[in-house]
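# Structural overview
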Amino acid sequence: MTTTSHPKTPPEIGGIGHSIRRHEDARFIQGAGNYVDDIELKGMLHMAILRSPVAHAKILSIDTSEAEAMDGVVAVVTGELMAQHNLAWMPTLSGDTQAVLATDKVRFQGQEVAAVIATDSYIARDAVSMIFVDYEELPVITDPRQAMAEGAVVIRDDKEDQTDNLVYDWESGDKDLTDRAFAEADKVVSIETHYPRSHPSPLETCGAVADVDPITGQVTVYMTSQAPHAHRTVFALVTGLPEQNIRIISPDIGGGFGNKVPVYPGYVIATAASLLIGKPVKWVESRTENLISTGFARDYHMKGELALNSEGRILGLRSEIWSDQGAFFSDAQPTKFKAGLFHIVTGSYDYPAAHVIAHGAYTNKAPGGVAYRCSFRVTEASYLIERLVQNAAYEIGMDPAEFRSLNFIKPEQFPYHSPTGFVYDSGDYEAAMRKALGIAKYEELREEQKAAREEGRLIGLGLASFTEVVGAGGSDEYDILGLKMFDSAELRIHPTGKAILKLGVRSQGQGHETTFAQIVAEELGIPVGDIKVVEGDTDNTPYGLGTYASRSTPVAGAATAVISRMLREKARKIAAHLMEASPDDLEWEPGKFSVAGSPDKFVTIQDVAFAAYTNMPPDTEYGLEGVHYYDPPNMTYPFGTYVVVVEVDPETGVWNVDRMVAVDDCGVRINPMIVEGQIQGGLTEGFAAAAMQWITFDEDGNCIGSNFMDYLVPTAWETPRFELDETVTPSPHHPIGAKGVGESATVGSPAAYVNAVIDALAHLGVRNIDMPLLPDRVWSAIQDAKKG
Amino acid sequence: MFPPAFAYSAPESLDEALATLTNEGESARVLAGGQSLIPMMKLRLASPAHLVDINNIPGLDYIDAANGYLRIGALVRHNDIVNSELVTAHNGAIASAAPWVADPLVRNRGTLCGSVAHCDPEGDWNSVMLAARAQVVAQSTSGERVIAIDDFVVDFFTNSLEPGEIVKEVRVPKYAGRGGGAYLKLERKIGDYATVAVATQLQLGEDGKISEAGIALTAVNNKNTRAIAAERALVGEEPSDEIFKEAAALAAQAAEPESNVRGTAEWKRNVVSVYTRRGLEASLAQARA
Amino acid sequence: MQINITFNGTAQTSDVEPRQLLVDYIRGTGATGTHIGCDTTSCGACTVLVDGTPMKSCTMFAVQANGKSITTVEGLKQNGDLHQIQASFKEKHGLQCGFCTPGMMLTSAALLEENPDPSEDEIRWAISGNICRCTGYINIVKAVQHAGEQLRNS
Ligand SMILES: Cc1cc2nc3c(=O)[nH]c(=O)nc-3n(C[C@H](O)[C@H](O)[C@H](O)COP(=O)(O)OP(=O)(O)OC[C@H]3O[C@@H](n4cnc5c(N)ncnc54)[C@H](O)[C@@H]3O)c2cc1C
Ligand code: FES
Ligand code: FES
């Protein structure tokens, strides 16, 4: 394990920099995790959903009589019934509307049409197959440009003011300045590529157990939620129920990756059913339901151009994208930015001009647009710029590494104001790249590549030097449905010196119970084992916007550090009181205050905690507890360089990763072991995107990629054996210098894999292959290049 | 996901199983490893009324070499084949295919005979069996019959068993003289069915010429298919790069793949050709070793 | 139908519908450490040991477990102590969300029974029927190696 940041606390305390073994593991390794599907309540009923088999159709009739007559069936819910309670539609996180159960039309294959509530899950599924629906099929649109064509059928005719399929037009940057840069360019390099639709597909699917108490009106919903507080508010808005009576409990989550950010119809139907029937109702998706109906990601058709001068300096960037939003616009992203943070597309490079145009369109595909292990479309952006840069290097005739080096933003330029309005907090891109190249032995690899080519073997070296932007938000710019993207931490130090930390975010495997305890340990010197971390219960944690877009450490982590420091200041006063000294004369080292100059005279944080409840100075409030809501002054900008080495079989197009070197800089690493784990997971998903993982549709809108036989998730066998290292450039504005890391690797790595395959074929003139790089696509590219 | 309801019996002898199958007629299905049938039932692509589970029948899990055949009983799991030295010693194509069937957990349960019976054109075993000139031993209450694999594999998910018949054993003739075989499979990941795969088997005569050749293709036709013209081109020839290339080209002609999400037809045909050539090279190397 | 199973070492008799999947049966007894991650026998989240051999319990009927011994994650502990594979998964950070972990550990434990000193390739091959969406497998491999080492030394 590599660490270049040295812990300041001893291992017994276990603050920042220690690879503390995870507290949460004890239950997981014993099969005692408590996931939604593990919840059993007295009298609980089971729900199954009937979904549309077609992508676009008018519903002529729904016959539920046979299903209703079956033994064990308690109720069949249709859109009509939901409409009677004003619940047939719900708002999306992007301020659009989405059908909970279809009333008029179905608009994508897999859309929710009816639900059965039964005494047992087998019966519920059996009954679903006994509901008969008459559909009148309508023309199907599966591509955003097709959606925008003249005369295209209007998908969202449920919306009064909607006369076409446009969701939004959005732009960023300075068009005139950018046009001038292109006018002055010696060379223009362009690329057109599709970042295919994919799905986060955590191993646990989505689900809920809704429990409405008919007497008290208390609504408790256990659900797979990455953002329980925001979901409570959405529930209150959707149902009109008083918010204090709604309690969202997000128990252990079996992976999220963005899939569990939106509110899904299933949650709402289960809750409505529980409300109507007066019994708890459980709904758990099958994998197919998960893949065909819940939040997809990407599906960006992108064009990018770089203006270059003859020396290889980038002068400007232009980009236009068409986003396939599916049937309902439900990206979970900041209101102000329709294309998420795609405008970070200028990347790790310094140039004055950029202009980005984005169009979003409705299609007959599942809604979503979630930030799949990514900060709101940063993955697409990072992919585009890193592909462009690689191709630009070929056109200029420079080595891709040297080309990057020439154009990188330099360390002394931080904070760096990007042409699309971001303020990059800190970075040393050159250092990270040099380190990665060194580990890979880049020069030698280039020699090997040359020699191999002589023998007819195709070896390729791909780089990606990504910059990510994570940790939304900054309340001035970032909100979801008006809820500002701050986050919170409530710390209570008990009389015996043990502590409980309550957070508004929700771990889905990231190890919050350990990492956040380490922040408290660092700041207060309380041993990490004495700190319990609680998340995911809206009745028992302070309000927060949740865990996605790598925002937990940047925002909730900062809130934890700040509240710890606030309590430390209070502790200082108590310590002074106990030692009859002036607070200003006390020195702090993790775990104790001592009087300056006489280190033998000290009190421990535990002494102080006890005093906080037993012996307080006059005029001081009792207790050592507090809550802080942290509104970040800026985002954090993790970065790094990935180097991939591949060999392509020229006869079949099959390619294999020989090496994958990843140097990440996410600022200060709180728990290096956990950080590395996050990176390893992300690199795997990046590999999956590059190699095999995608969802596509036939022209009738049938989803191809609707189960794990077709939607390919790599196993241990295919997954490359990553070599990890780090540089550490702290974030200057984050209280502990940390940046988010959960997603860097998914964001940064796809381009590295693809660049490597392109590099293997570059001498033939190949410049682009769309992901996933299936062997037939690679082979065809070789054939086409040979034909000239 | 789970199947619709069905009746279930778990006979403890082959006779009992055959009797139940005969009595229940068309509505009954044999349940062997269940690694194809149960997934299909869960997705409700199959809904047999009666399952006859053969897993409790003793004496069907044998791999042996007798009377000139390598014999594999109905309850031999894919993983038993992976671990069998007897198989490795007797048949290169079977040995090289076994590790690439499904994934390790599925291999612990799925059976070779079940897979042969299933006749999934993307399944691996029938290509291997076609190349190795296997025979299927079918049994019913009225006795046993031996079916050449070419006659057994009829079509897409269709075999030539009569109602009431069970595959009791699949057997392949031992090499006459020096032989070798290989199975090359292009799959997208572990647990994936073949996108394209080619089984090859060569036998050499005293004179070093090819005395017998077997080539069969997976996932590129509506059933596992022998590349007969390619086989014929090889027989009687001195092994050489040229003749292997010619056979490879003929094998590609025997493929009628579809373009789909796994790849274009043109590319699949190309892979057939490349894998046939490489498979023949590997088979030859093994025969000569 | 009545079935008799030795479940984590304890004999139990139950009445089940033939179509009930083994995984649903197991979870129905309250042992919810065995998970369901797919509909197509692809993920291995449901892996249990059937007479010591790892199998996907979503692709077996409960009736087929009649007369067999089934071990789930809840049965890994021995005499109240963690099985070495459990300890090693924690020590080497072989899990994140924990959803694949029970199946992954059972497959790994079975591998170590057969092969106490597997190479990295052998481990990756053996666990290739179990999908982990979180870890990228590196630390799972390390956990299995670590467990092997500890078991060999003990
Ligand atoms: C995730 C996954 C991946 C897979 N990948 C592959 C792969 O890459 N290659 C491959 O070849 N296979 C693959 N399979 C299928 C697997 O090999 C099955 O084991 C095999 O196809 C069927 O064997 P079984 O014993 O499980 O048969 P079952 O599922 O029990 O039966 C299949 C069919 O054959 C009939 N049958 C079974 N045994 C007999 C018998 N003795 N006599 C008469 N009829 C019988 C049954 O009635 C049924 O119709 C995969 C399966 C899964 C779940
Ligand atoms: S649940 Fe996925 S293999 Fe059993
Ligand atoms: S730890 Fe989450 S799936 Fe493996």
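Residues numbered from 1 in each chain as written. Chains lettered and ligands numbered in written order. Predicted model: local features only at pLDDT ≥ 70, side-chain atom pairs only at ≥ 80, totals over all residues. Heavy atoms only, no water.

## A short note on the overall build of chain C
The test is simple: Under the DSSP-based scheme used, a helix requires at least four consecutive residues in state H or I and a strand at least two consecutive residues in state E, with every element numbered from the N terminus. Only C-alpha atoms enter the radius of gyration; for comparison, a globular chain is expected to reach 2.2 Å times N to the power 0.38, where N is the number of residues. Contacts are assigned to residue pairs with any non-hydrogen atoms lying within 4.5 Å of each other. To measure how exposed things are, a 1.4 Å probe is used in the Shrake-Rupley method; for residues, cover is taken only from the protein chains shown. As used throughout, the charge tally considers Lys and Arg to be positive and Asp and Glu to be negative, leaving His and the chain termini uncounted. The atom standing in for a charge is NZ when the residue is Lys, CZ when it is Arg, CG when it is Asp and CD when it is Glu.
Within chain C one finds 5 helices and 5 strands. Computed over its C-alpha atoms, the radius of gyration of chain C comes to 15 Å, within 12% of the 15 Å expected for a compact globule of 154 residues. By principal-axis analysis of the C-alpha atoms, chain C measures approximately 45 × 35 × 25 Å. If you take every contact in chain C between residues at least 6 apart in sequence, the share linking residues at least 24 apart comes to 57%. By element, 41% of the accessible surface of chain C is carried by carbon and sulfur atoms, the whole surface being about 5000 Å². Taking the average location of the 11 positive side-chain charges in chain C and that of its 15 negative ones, the two points are 6 Å from each other.

## Focus: the domain arrangement of chain C
Residues and elements named next belong to chain C. What counts is decided by this rule: Domain start and stop positions are those given by an automatic or database domain assignment. Summed over both partners, the accessible area lost on bringing two parts together, with a 1.4 Å probe, is the buried area.
According to the domain assignment, chain C contains domain 1 (2-75) and domain 2 (84-153). A separation of 21 Å is found between the C-alpha centroids of domain 1 and domain 2. Counting from both sides, the interface comprises 17 residues of domain 1 and, opposite them, 12 residues of domain 2. Together domain 1 and domain 2 conceal approximately 1000 Å² of surface at their shared face, both sides included; 65% is due to carbon and sulfur atoms.

## Quick notes on empty space enclosed by the protein
All names here are of chain A. Stated formally: Cavities and pockets were defined on a 1 Å grid built from protein atoms only: a cavity is a group of points that admits a 1.4 Å probe but offers it no way out, a pocket is an open group of points flanked by protein on both sides within 12 Å along at least five of seven lines, and a lining residue is one with an atom within 4 Å of any such point. Grid points are joined across faces, edges and corners, and a volume is the space filled by probe spheres set on the points. In this classification, the charged set is Asp, Glu, Lys and Arg, the nonpolar set is Ala, Val, Leu, Ile, Met, Phe, Trp, Tyr, Cys and Pro, and all remaining amino acids, among them Gly, are polar.
One pass over the full model with this rule turns up 11 cavities of 30 Å³ or more. For the lining of the largest cavity, the secondary-structure elements that each account for two or more residues are α14 (512-524), α15 (552-579) and α17 (672-691). Class assignment of the residues belonging to the lining of the largest cavity gives a composition of 14 nonpolar, 18 polar and 5 charged. For the lining of the largest cavity, the two domains that each supply at least three residues are domain 1 (25-33 + 486-630) and domain 3 (296-472 + 634-787). Quantified by volume, the second largest cavity comes out at close to 100 Å³. Q98, P262, V263, Y264 and S330 are the residues nearest the centre of the second largest cavity, which is lined by 15 residues in total. For the lining of the second largest cavity, the class distribution of residues is 8 nonpolar, 7 polar and no charged. Residue assignment places the lining of the second largest cavity across two domains, with domain 2 (36-138 + 205-253 + 260-293) and domain 3 (296-472 + 634-787) each supplying three or more.

## Comments concerning the pattern of salt bridges
For the record, the criterion: Salt bridge criterion: a side-chain nitrogen from Lys or Arg within 4 Å of a carboxyl oxygen from Asp or Glu. Three labels apply to residues, based on accessible area from a 1.4 Å probe with only protein chains included: buried if under 20% of the type maximum, exposed if over 50%, partly exposed otherwise in between.
In the structure shown here, the tally under the stated rule is 81 salt bridges over all chains. Among the ionic pairs, A:K498 bridges to A:D530, the shortest N-O distance being 3.4 Å. Placement of A:K498 in the loop between β23 (487-493) and β24 (499-503) and of A:D530 in the loop between α14 and β25 (531-534) is noted, with a sequence separation of 32 residues between them. Since its relative accessible area comes to 37%, A:K498 is described here as partly exposed. Note that C:R133 and A:E685 form a salt bridge whose closest N and O atoms lie 3.9 Å from each other. Pair noted here: C:R133 is in the loop between α4 (120-126) and α5 (138-153) and A:E685 is in helix α17, and the two residues belong to different chains. Taken individually, C:R133 and A:E685 each receive the classification buried, so the pair is uniform in this respect.

## A closer look at the sheet that holds strand β12 (residues 196-204) of chain B
For sheets, the rule is that strands pair by backbone hydrogen bonds, running either parallel or antiparallel. Residue and element names in this part refer to chain B. Convention followed: Here the rule is simple: two strands pair whenever DSSP picks up at least two bridges between them. Angles here are taken between N-to-C directions and fall from 0 to 180 degrees, while the axes themselves are lines fitted to C-alpha atoms, restricted in helices to the stretch in contact.
The strand order β11-β12-β13-β14 describes an open sheet built from 4 strands, whose pairing is antiparallel. Because the sheet does not close on itself, it has two edges, and the strands there are β11 (178-186) and β14 (225-226). Strand direction decides the pairing type here: β12 and strand β13 (residues 210-218), joined by 8 bridges, are antiparallel. Counted as the bridge partner of T200 is I215 from β13. Across the face of the sheet, helix α11 (residues 241-254) comes into contact with β12, β13 and β14 while running at roughly 35 degrees to β13.

## Some remarks on the packing of aromatic side chains
The condition is simple: Any two rings among Phe, Tyr and Trp, with Trp reduced to its six-membered ring, count as a pair given centres within 6.5 Å; such a pair is stacked if its planes are under 30 degrees apart, edge-to-face if over 60, and tilted if neither. We count a charge as sitting over a ring when the NZ of a lysine or the CZ of an arginine lies within 6 Å of the ring centre and within 35 degrees of the ring normal.
Across all of its chains, the model carries 29 aromatic pairs over all chains by this definition. Ring plane angle 90 degrees and centroid distance 5.6 Å describe the contact between A:F414 and A:Y429, whose orientation is recorded as edge-to-face. With A:F414 in the loop between α11 (400-407) and β18 (416-417) and A:Y429 in helix α12 (residues 429-440), this residue pair connects regions lying 15 residues apart in the sequence. Residue classification places A:F414 among the buried residues on the basis of a relative accessible area of 13%. Given a relative accessible area of 2%, A:Y429 falls into the buried group. Of the aromatic side chains, those joined through ring pairs into one cluster are A:Y349, A:F408, A:F414, A:Y429 and A:F639. Sitting over the ring of A:F296, A:R197 keeps its end group 3.4 Å from the ring centre. Against the face of B:Y69 rests B:R171, its NZ or CZ located 4.4 Å from the ring centre.

## Some points on the nonpolar core
Within soluble globular proteins, side chains that are nonpolar tend to cluster in buried spots. Residues and elements named next belong to chain A. Stated formally: Throughout this description, the term nonpolar core refers to a set of buried Ala, Val, Leu, Ile, Met, Phe, Trp, Tyr and Cys residues connected via side-chain atoms within 4.5 Å.
Grouped together as the largest cluster of nonpolar side chains are 162 residues, with contacts concentrated most on M82, L306, F342, W655, L683 and Y753. Per-element accounting of this core gives the leading share, 11 residues, to helix α18 (residues 744-761). Excluding anything up to four places from it in sequence, F342 contacts Y300, M302, S319, I321, V356, F376, R377, E380, A381 and L384.

## Details of the pairing of strand β15 (residues 297-308) of chain A
Residues and elements named next belong to chain A. Among the 12 residues of β15, 10 are classified as buried, and the element is accordingly described as predominantly covered. Summarising the sheet, strand β10 (residues 187-198) and β15 pair through 11 bridges and their orientation is antiparallel. When the sheet's bridge partners are listed, H194 is paired in β15 with H301. As paired strands, β15 and strand β16 (residues 314-324) are joined by 9 bridges and run antiparallel to one another. By the bridge assignment, H301 is partnered in β16 with W322. Turn length for the β15-β16 hairpin, with the two strands adjacent in sequence and antiparallel, is 5 residues, and the turn residue G312 shows positive phi of about 100 degrees.

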